[in-house]
Amino acid sequence: MVQKANVPYGSDVSAGTYECSDCGYEYSNQSKTSLPPCPNRTKSVHYKNAWNIITGKGDAKEDPYPNR
Ligand SMILES: [Zn+2]
């Protein structure tokens, strides 16, 4: 279990769903290739400044697409 669980702002990523490591804001990345800062960053304390990977590149926790 050493795969990256989160990626810092500005990281190059593929499309997928991400969740703010600090406030839990869910961000669906459809086309961008790098992650923006969390929009709630100015409203509450953010010290991790990273996104948790929910779906997308990497190991998905659940697979919504049956492949057999
Ligand atoms: Zn946030």
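Residues numbered from 1 in each chain as written. Predicted model: local features only at pLDDT ≥ 70, side-chain atom pairs only at ≥ 80, totals over all residues.

Visitor: How do you make sense of the overall build of the chain when you look at a structure like this?
Guide: Looking only at helices and strands, the chain has zero helices and four strands in total. Traced from its N-terminal end to its C-terminal end, the chain shows the element sequence β-β-β-β. Counted over contacts in the chain with a minimum sequence separation of 6, partners at least 24 positions apart contribute 61%. (Helix = DSSP H or I, 4+ residues; strand = E, 2+ residues; numbered from the N terminus. Contact = placed C-beta atoms within 7 Å.)

Visitor: Is there a simple way to think about the sheet that holds strand 3 (residues 26–29) in this case?
Guide: Paired through their backbone hydrogen bonds, the strands of a sheet run either parallel or antiparallel. Sheet architecture is open: four strands sit in the order 1-4-2-3, paired in antiparallel fashion. Of all strands in the sheet, those bounded by a partner on one side alone are strand 1 (6–8) and strand 3. For this sheet, the mean angle separating the axes of adjacent strands, direction not counted, is 35°. Alignment of strand 2 (residues 16–20) against strand 3, held across four bridges, turns out to be antiparallel. What sits directly across from Y18, in strand 3, is Y27. (Pairing = 2+ DSSP bridges. Axes fitted to C-alpha atoms, helices over the stretch in contact; angles between N-to-C directions.)

Visitor: Would you explain the pairing of strand 2 in this entry?
Guide: Looking along a regular strand, one sees the side chains alternate between the two faces of the sheet. The turn joining strand 2 and strand 3, which pair antiparallel and follow one another in sequence, is formed by five residues; a positive phi near 85° is taken by G24. In the sheet, strand 2 pairs with strand 4 (residues 50–55) via four bridges, with the strands oriented antiparallel. Among the inter-strand pairings, T17 is bridged to a residue of strand 4, identified as T55.

Visitor: Help me understand the nonpolar core, please; the structure alone is not making it clear to me.
Guide: Side chains of a nonpolar character, in soluble globular proteins, are inclined to be buried together. Core analysis: the largest hydrophobic core is formed by six residues, namely Y18, C20, C38, A50, W51 and I53. For this core, the secondary structure elements donating two or more residues are strand 2 and strand 4. (Core = buried A, V, L, I, M, F, W, Y, C linked by C-beta atoms within 7 Å. Buried ≥ 20, exposed ≤ 12 C-beta atoms within 10 Å, placed from the backbone.)

Visitor: Looking at this structure, I do not really get the environment of C38. What am I missing?
Guide: Position of C38 relative to the elements: it lies in the loop between strand 3 and strand 4. Under the C-beta neighbour-count criterion, C38 is labelled buried, with 24 such atoms within 10 Å. The spatial distance from the C-alpha of C38 to the C-alpha of C23 is 8.7 Å, given a sequence separation of 15 residues. Setting aside its immediate chain neighbours within four residues, C38 contacts C20, D22, C23, Y25 and H46.

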